[in-house]
Every structure is written in structure tokens, then in C-alpha cells.
Amino acid sequence: MGLFTLPTVALFILLKLSLTFVHGGIPTTLDGPFKPVTVPLDKSFRGNAVDLPETDPRVKRIVKGFEPEQISVSLSGTHDSVWISWITGEFQIGDNIEPLDPKTVSGVVVYGRYGFPMTNRSTGNNSLVYNQLYQFEGLKNYTSGIIHHVRLAGLIPNTLYQYQCGDPSIPAMSSVSYFKTMPVSGPKSYPSRVAVVGDLGLTYNTTSTVDHLLANGPDLLLLVGDVSYADLYLTNGTGSDCYSCSFPHTPIQETYQPRWDYWGRYMQPLVSKVPIMVLEGDHDIEQQAGNQTFVSYSSRFAFPSEESGSSSTLFYSFNAGGIHFIMLGAYTAYNKSADQYMWLEKDLANFDRNLTPWLVATWHPPWYSTYMAHYREAECMRVEMEDILYKYGVDIVFNGHVHAYERSNRVYNYTLDPCGPVYITVGDGGNREKMAIAHADEPGNCPEPCTTPDKLMGGFCAFNFTSGPAAGKFCWDRQPEYSAYRESSFGHGILEVKNETHALWSWHRNQDFYRYAGDQIFIVRQPDSCPVTANVTQNN
């Protein structure tokens with residue numbers, strides 16, 4: 001047998017068979033970089049989506065008085081705490097609105113482990129009402145119901161809890177609902193499934209996405225920007241999938257805030273049980289009187305900003321088992337002297353890679369996208385932040401904004417790099433704007449460079465490429481080598497981290513059977529080949 005004995009050969013065969021069984025023929029990033037793939041557009045595919053009307057039973061108010069509605073769960077900084085959020089009282093919209101007094105209704109959560117009495121009780125002290133106000137005659141103002149955020153602490157990891165929320169003194173309490181806590185942070189401890197979706201909106205396509213997502217049984221939902229698309233409506237409720245096209249003469253970008261309430265009602269059956277973590281997109285800016293922005297986004301969701309050392313709801317971090325998530329804001333200052341960058345630097349330097357081996361970053365507009373829509377729009381952010389994310393070994397980046405699906409090879413500075421992140425765009429949740437179909441590398445589709453910067457994101461940084469196959473050009477003349485797979489379709493993704501080095505990523509198209517994956521790959525970390533800067537013993 002030469003160098004191999006029979007037992008050694010048997011062990012080798014067994015190991016090979018076990019690896020084949022584990023991967024099931026699914027490719028891994030170690031097999032890459034992959035030759036770029038573009039899935040041809042399905043000619044029968046409807047790229048437009050239609051919003052659910054306010055008459056749809058799924059968005060109508062069904063509670064009475066101050067009974068809770070729009071109930072949601074979100075994570076705090078660590079496994080032993082969560083936030084419960086809900087709204088009591090009706091919104092008002094019109095010329096003469098009188099905001100409710102948050103002090104008139106208490107925010108209480110009673111809870112306990114499933115199967116045991118709900119003997120625990122937490123009371124919130126940060127209930128609020130927000131207003132959407134305009135300075136122009138004829139535009140309707142809005143005031144919300146009372147929004148409650150209550151933090152539950154001292155929870156047991158990986159445990160099913162039951163809870164009710166509301167004000168027991170009225171009495172006005174919700175029915176019993178359930179949530180499961182995250183596993184404790186550790187290299188062998190992960191949530192089973194993390195669902196990732198972007199640009200969700202509230203259309204019939206959205207309902208298909210959510211149905212498919214529910215069928216995959218996620219433990220956590222990541223929404224990477226653009227929530228309700230209330231800003232595609234005038235304050236009188238008239239909507240369009242192209243606001244600037246339909247309403248070019250409005251004095252300010254109006255929004256129809258009741259769409260947020262409709263969205264919260266529709267999503268309650270999911271997010272009252274599965275924690276949702278949200279970051280902001282451009283459709284969530286909603287500028288109003290006094291140059292206020294992100295008021296609805298910042299008011300309706302609870303964020304672990306304070307727990308993660310952030311001064312803003314627009315950027316924060318949290319742990320979910322052995323994954324450290326960094327949620328970055330593209331529509332707030334991100335340059336190296338800004339608060340966000342300094343917070344990011346501190347967060348990356350202090351998180352414990354021994355406890356959370358996986359580092360996942362998210363923000364709304366992608367740096368690496370080959371679609372004509374929003375092509376190289378976020379280049380200034382990439383110039384400012386790509387180096388520090390590469391330095392600390394970010395494994396995966398999730399983005400939305402572009403209404404299609406795309407997965408990259410490992411890439412850094414537009415160059416294939418075995419230690420760079422895998423960038424995944426999932427801006428195809430189902431919103432009413434059109435699906436992105438055209439690619440910038442196709443003949444006649446390369447935009448003029450001066451048209452690419454987003455006025456909401458800063459200056460111009462997208463110059464011609466200086467090296468590589470696209471040297472001297474603003475666009476590639478074929479699908480770039482960093483783009484591994486792209487397809488125009490509505491859908492969502494599921495991330496399943498298996499251990500310290502392997503995570504299974506699956507993208508599910510709405511037109512397929514529920515559990516069928518349109519794109520699937522094992523993302524493999526190589527900590528020995530790609531050493532990173534962060535590796536300390538202090539945790540957030």
C-alpha cells in the first residue's frame with residue numbers, strides 16, 4: 001500500500017464521503033472565484049408590483065380603543081434581552097390634528113418561559129408620539145398613535161418565551177404571543193436561520209416574499225432598508241411608483257404616513273414572533289418641516305444603539321449567537337472624521353472574534369453592483385469605509401437598493417481577493433418600484449459618470465477604472481469578474497451559519513416552490529489564511 005495503510009485509506013474515503021454529504025454538491029467559496037453567471041430574464045415575469053390597498057383586511061385596524069397593534073420584537077445588544085414594541089391609539093391625518101399624550105397609556109409587558117406562568121413584568125418609560133408636519137397649505141399633517149418600546153432583560157438564551165403587552169390598568173392587553181431568544185454568543189452557537197430581505201414595501205409581491213420567508217422558519221429577520229415606501233404617496237393618499245414623474249411640482253417630497261401603519265399591521269403576524277432588525281434606506285428619509293429626517297423610521301422601531309455605543313438609530317451593532325452584525329448608515333455622515341466612522345472603528349476593535357467568529361456588515365446601497373440602476377452610486381462610501389472593513393475581516397456584506405439579486409465573488413477594491421467579503425444584494429423584496437433588469441456592462445447602458453452620484457450621499461468619487469480588464473473605462477464591457485451570479489426576480493435570502501468556518505447562503509425566488517433555492521453556496525471563512533486585526537477578549 002506504500003505510504004497508506006488500509007485503515008488510513010478507509011478513513012480518507014469516509015472523510016471524503018462525509019464532506020460530500022455535508023455539502024450535498026453545493027459549491028463553496030473555496031471553489032471560486034466563479035465564472036460570472038447571468039440568468040436570462042423570464043419574459044413572463046412581471047417587473048411591476050401593485051400596493052395593497054387600504055381596504056385590504058390585512059392592513060385594516062382591527063383592535064379597539066387603546067388595545068395594542070403593530071406589535072414587534074427586536075434584539076438588544078446581547079442574547080439576554082429583547083425589545084417589545086407596539087402602538088396604542090389611532091393615528092390622525094388632516095389639517096387639525098391633536099397629538100395623543102404618551103403619558104395617558106402605560107407600556108407594560110408581562111412574560112415568562114413557554115409553559116410557565118407569565119410572572120415577569122417590565123414597564124417602559126420611553127413611550128412617544130411623532131408628527132409628520134408640512135409648512136405648505138393643502139398638505140395634510142399626521143400624528144401617530146402612542147408608540148411603546150419596552151426592554152426585557154435577564155432572559156435565558158435559546159429559549160421560547162410567551163408574552164402580552166399593553167396597559168393592564170385600562171385594561172387593554174394584547175393576546176399571547178411568542179418569541180425565541182438568541183443563543184449565547186460562542187463559536188459553536190448560532191441561530192438556525194437568518195432571513196435577509198431588502199426594499200420590502202407593501203405590495204402583492206411583498207406578500208409572496210413574506211409567505212416564502214415564513215415557510216423557511218427564520219429565527220431572525222434582517223431588513224436592509226426601505227421599509228414602507230410611504231414616500232411614494234402624496235399626503236392625500238395618491239400614490240405612484242415614480243414620485244418625481246407623477247408629482248414634479250410638489251413643493252416638498254410628501255409622504256403618506258398611514259402606509260407605515262398598514263405595513264406594521266400586515267407584518268405583525270411575523271415580527272411579533274420573529275425578531276426584526278432594520279436599517280435605513282433612502283425611502284425612509286422622509287424630510288419634513290424643520291429639516292427633520294428619519295422620524296418615522298427612528299420612532300417605530302427599537303434599536304440597540306445605546307447598548308452598542310452608538311449615538312444614532314442610523315448605525316449600531318448586535319450579536320446573534322456567534323455572529324456580530326454591523327448595521328451602517330449610508331445616508332448619514334460616513335467619512336473618517338464623522339461620528340459613525342469613529343464608532344465603527346471602536347466597535348470593530350472591541351468585539352470578541354473568539355466569541356463571534358462571523359462578522360457580517362449591512363447597509364442599504366451596494367458598493368458592488370453591476371446593474372444600471374444606482375450604478376456606482378455609493379462609491380464615496382466605499383472609498384471611505386472599504387479599507388477598515390477589509391482590515392477587520394468582514395465575511396459577508398448584505399445590501400438592498402438595487403431591485404434585483406446579485407452575489408459577488410470575494411472582492412476588495414474591485415479586484416478578486418480570497419480574503420475579501422462576499423457581497424450580496426437582495427433589494428428584491430417586492431416594493432412597488434420597477435424591478436432592475438438592465439446591466440451597466442451591456443451595450444448602451446453605461447451611464448454618464450456625472451449622473452451617478454446620489455445627492456443624498458455626498459460628492460463624486462466614481463472615476464474610470466485605472467487597472468484590470470476595465471482599465472480606462474467607467475463600465476466593464478462584459479459582466480465583471482467580481483460578479484458571480486445575478487438575476488432579476490423578487491425573493492429573499494436565508495443565512496445558516498453551521499460552525500466557525502462554514503455558512504450556507506440560499507436565495508429563494510418568489511416564483512419557485514417554497515423551499516427551492518435559486519442560488520446556493522457555502523461561504524467559507526479561512527482565519528488561518530486571512531488573519532484579521534480584531535481578536536480581543538472584551539465583548540460589547
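Everything numeric here is computed off the predicted structure, so don't read it as measured data. (Residues numbered from 1 in each chain as written. Predicted model: local features only at pLDDT ≥ 70, side-chain atom pairs only at ≥ 80, totals over all residues. Heavy atoms only, no water.)

**A short note on the overall build of the chain**
Alright, step 1. Scanning the chain from terminus to terminus reveals seven helices and 27 strands.
Alright, step 2. Taken over C-alpha atoms, the radius of gyration comes to 24 Å for the chain, in line with the 24 Å a tight globule of 540 residues would show.
Alright, step 3. In terms of overall dimensions, the chain has C-alpha extents of about 85 × 60 × 50 Å along its principal axes.
Alright, step 4. Expressed as a percentage of its 540 residues, the buried residues of the chain come to 57%.
Alright, step 5. Taking all contacts inside the chain whose residues are at least 6 apart in sequence as the whole, residues at least 24 apart take part in 72%.
Alright, step 6. As presented, the chain carries roughly 22300 Å² of accessible surface, and 54% of it is formed by carbon and sulfur atoms. (Helix = DSSP H or I, 4+ residues; strand = E, 2+ residues; numbered from the N terminus. Rg over C-alpha atoms; globule rule 2.2 N^0.38 Å. Buried < 20%, exposed > 50% of the residue type's maximum accessible area, 1.4 Å probe, protein only. Contact = heavy atoms within 4.5 Å. Areas by Shrake-Rupley, 256 points an atom, 1.4 Å probe, with all protein chains shown as cover.)

**A look at helix 4 (residues 258-271)**
Alright, step 1. In this model, helix 4 (14 residues) spans 19 Å end to end at C-alpha, consistent with the 20 Å of a helix rising 1.5 Å per residue.
Alright, step 2. Along its length, helix 4 shows its largest kink, about 30 degrees, at Arg265, and proline Pro269 lies within four residues downstream of that point.
Alright, step 3. The buried fraction of helix 4 is high, at 12 of 14 residues.
Alright, step 4. Three or more residues of helix 4 are buried, namely Pro258, Arg259, Trp260, Asp261, Tyr262, Trp263, Gly264, Arg265, Tyr266, Met267, Leu270 and Val271. (Expected span 1.5 Å × (residues − 1). Bend = angle between axes of the 7 residues up to and from the residue.)

**Thoughts on the confidence of the model for the chain**
Alright, step 1. Averaged over all residues, the pLDDT of the chain equals 92, while 94% of them reach at least 70.
Alright, step 2. Contacts from residues 1-22, a stretch scored under 50 in pLDDT, to residues over four places away or in other chains number five contacts.
Alright, step 3. Taken as a whole, residues 535-540 scores under 50 in pLDDT and shows 21 contacts with residues more than four places along the chain or in a different chain. (pLDDT = per-residue confidence, 0-100.)

**Re the pattern of salt bridges**
Alright, step 1. Across all of its chains, the model carries 22 salt bridges by this definition.
Alright, step 2. Salt-bridge contacts for Lys188 lead to Glu500; the nearest nitrogen and oxygen are separated by 3.2 Å. Residue Lys188 is found in the loop between strand 12 (177-180) and strand 13 (194-197), and its partner Glu500 is found in the loop between strand 25 (491-497) and strand 26 (502-509); the two are separated by 312 residues along the sequence.
Alright, step 3. A relative accessible area of 70% places Lys188 in the exposed class.
Alright, step 4. By relative accessible area, Glu500 is classed as partly exposed at 26%.
Alright, step 5. Notably, a salt bridge pairs Arg407 with Asp519, separated by 2.8 Å at the nearest N-O pair. Residue Arg407 is found in strand 20 (residues 405-408), and its partner Asp519 is found in strand 27 (residues 519-524); the two are separated by 112 residues along the sequence.
Alright, step 6. Through salt bridges with shared partners, a single network forms among Arg61, Glu69, Glu90 and Arg265. (Salt bridge = Lys/Arg side-chain N within 4 Å of Asp/Glu carboxyl O.)

**Details of the sheet that holds strand 26**
Sheet strands line up and pair through hydrogen bonds in the backbone, either parallel or antiparallel.
Alright, step 1. On the basis of which strands lie adjacent, the open sheet formed by six strands has the order 15-14-13-25-26-27 and mixed pairing. In this open sheet, the two edge strands, each paired with only one partner strand, are strand 15 (276-278) and strand 27. On average, adjacent strands in this sheet sit at an angle of 20 degrees to one another, irrespective of strand direction.
Alright, step 2. Two elements, strand 13 and strand 25, share three bridges in a ladder whose sense is antiparallel. Note that in strand 25 the partner of Val196 across the bridge is Gly493.
Alright, step 3. Along the sheet face, helix 2 (residues 204-215) touches strand 13, strand 14 (220-223), strand 25 and strand 26 and points at about 20 degrees away from the line of strand 25.
Alright, step 4. Strands strand 14 and strand 15 of the sheet are contacted by helix 4, whose axis makes an angle of about 150 degrees with strand 14. (Pairing = 2+ DSSP bridges. Axes fitted to C-alpha atoms, helices over the stretch in contact; angles between N-to-C directions.)

**Notes on the state of the cysteines**
Alright, step 1. The tally for this structure, following the rule as stated, stands at four disulfides.
Alright, step 2. Cys242 shares a disulfide with Cys245; S-S distance 2.0 Å. Between Cys242 and Cys245 the sulfur-sulfur dihedral comes to about 55 degrees; the bridge is accordingly right-handed.
Alright, step 3. For Cys242, a relative accessible area of 24% translates into the label partly exposed.
Alright, step 4. We classify Cys245 as exposed; its relative accessible area is 56%.
Alright, step 5. Covalently, Cys380 is tied to Cys461 through a disulfide, its sulfur atoms 2.1 Å apart. The sign of the 95 degrees torsion about the S-S bond sets the Cys380-Cys461 disulfide as right-handed. Pair noted here: Cys380 is in helix 7 (residues 379-391) and Cys461 is in the loop between strand 23 (422-426) and strand 24 (483-487), with a separation of 81 residues, a long-range link. (Disulfide = S-S within 2.5 Å.)

**Things to note about a nonpolar patch on the surface**
Alright, step 1. Side chains of Tyr114, Leu160, Val176 and Tyr178 sit close together on the surface and give an oily, nonpolar patch of about 340 Å² of accessible area.
Alright, step 2. Here Tyr178 is to be found in strand 12.
Alright, step 3. Classification of Tyr178 by relative accessible area gives partly exposed; the value is 31%. (Patch = residues over 30% accessible without salt bridge, like charges linked within 9 Å, V, L, I, M, F, W, Y side chains within 5 Å.)

**With respect to the layout of surface pockets**
Over the atoms rolls a probe the size of a water molecule, and its path tells where empty space is left.
Alright, step 1. The space that makes up the largest pocket amounts to roughly 890 Å³.
Alright, step 2. Along the wall of the largest pocket there are 28 residues; nearest its centre are Asp231, Gln253, Asp282, His283 and Glu433.
Alright, step 3. For the lining of the largest pocket, a count of residues per class yields 10 nonpolar, seven polar and 11 charged.
Alright, step 4. One number sums up the size of the second largest pocket: a volume of about 430 Å³.
Alright, step 5. Around the second largest pocket sit 21 residues that line it, and Ile62, Val63, Pro68, Ile71 and Gln268 are the ones nearest its centre.
Alright, step 6. Those elements that provide at least two residues to the lining of the second largest pocket are strand 2 (69-75) and helix 4.
Alright, step 7. The element that contributes the greatest number of residues to the lining of the second largest pocket is helix 4, accounting for four residues. (1 Å grid on protein atoms, 1.4 Å probe; cavity = no way out; pocket = protein on both sides within 12 Å on 5 of 7 lines; lining within 4 Å. Points joined across faces, edges and corners; volume = space filled by probe spheres on them. Nonpolar A, V, L, I, M, F, W, Y, C, P; charged D, E, K, R; others polar.)

**Focus: the environment of Tyr392**
Alright, step 1. Residue placement: Tyr392 occurs in the loop between helix 7 and strand 19 (396-399).
Alright, step 2. Measuring from C-alpha to C-alpha, the distance between Tyr392 and Ala349 comes to 8.2 Å, with 43 residues separating the pair along the chain.

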